[in-house]
Amino acid sequence: MPNVTFIADDGTETVLDVAVGTSIMEAAVMSNVDGIMGECGGSINCATCHVYVQNAGGFGLPDVGEVENEMLDATAAERRPESRLSCQLIMTEAMAGLIVRLPDAQY
Ligand code: FES
């Protein structure tokens, strides 16, 4: 199973095997990764699944959608060029080795 590394604001790293077809948000919430809340369940309506993708190149990530783009303007932590909503990152084999940093606040 492809894996994703989550790096918390304090530097703690968590590596999860994520089933293809599962969102990064869902995987983090199911494994109780601190720093990702996913309050809306992935309906792009809360921005509490905000992550900073550290190494986006070459993973075939989907483009930021229109609604995602609007919600990224409402994140608790600053929006950066590498900001994504992790509920919109659905795991594929090509995403193995993805690294996401967690912001210091989600609400
Ligand atoms: S879980 Fe709410 S926007 Fe991603």
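Notes on the structure follow. Here the structure is a predicted model, which means the values were calculated and not measured.

So, the environment of M25
Assignment of secondary structure puts M25 in helix α1 (residues 24-30). Sequence separation between M25 and D9 is 16 residues; the distance between their C-alpha atoms is 16 Å.

Structural notes on the nonpolar core
Counting 28 residues, the largest nonpolar core has V4, F6, I24, I36, L85, M95 and L98 as the members making the most contacts within it. Elements supplying a minimum of two residues to this core: β1 (3-7), α1, β3 (50-53), α2 (66-72) and β5 (98-101). The biggest single contributor to this core is α1, with four residues. Sequence-distant contacts of I36, that is, excluding residues within four places in its chain, are made with F6, M25, A28, V29, T48, C49, V51, S86, L102 and Q106.

Here we look at the pairing of β5
Judged by which residues are buried, β5 turns out to be one-sided: L98 and V100 face inward and are buried, whereas I99 and R101, on the alternate face, are not. The sheet contact formed by β1 and β5 spans four bridges and is parallel. Each bridged residue has a counterpart across the sheet, and for V4 the counterpart in β5 is L98. Both β3 and β5 contribute to a ladder of two bridges, which runs antiparallel. Residue pairing in the sheet places V53 in a bridge with V100 of β5.

Regarding the side chain of S86
Structurally, S86 can be placed in the loop between β4 (83-85) and β5. Excluding residues that lie within four positions of it along the chain, S86 makes contacts with S23, I24, M25, I36, C49 and V51.

Quick notes on the sheet that holds β3
Within the open sheet, the five strands sit side by side as β2-β1-β5-β3-β4. Their pairing is mixed. Since the sheet does not close on itself, it has two edges, and those belong to β2 (13-17) and β4, each with one partner. Sheet twist, expressed as the average angle between the axes of neighbouring strands with direction ignored, equals 35 degrees. The pairing of β1 with β2 spans five bridges and is classified as antiparallel. Bridging across to β2, I7 finds its partner in E13.

Definitions and cut-offs
- Residues numbered from 1 in each chain as written.
- Predicted model: local features only at pLDDT ≥ 70, side-chain atom pairs only at ≥ 80, totals over all residues.
- Heavy atoms only, no water.
- Helix = DSSP H or I, 4+ residues; strand = E, 2+ residues; numbered from the N terminus.
- Core = buried A, V, L, I, M, F, W, Y, C linked by side-chain atoms within 4.5 Å.
- Buried < 20%, exposed > 50% of the residue type's maximum accessible area, 1.4 Å probe, protein only.
- Contact = heavy atoms within 4.5 Å.
- Pairing = 2+ DSSP bridges.
- Axes fitted to C-alpha atoms, helices over the stretch in contact; angles between N-to-C directions.

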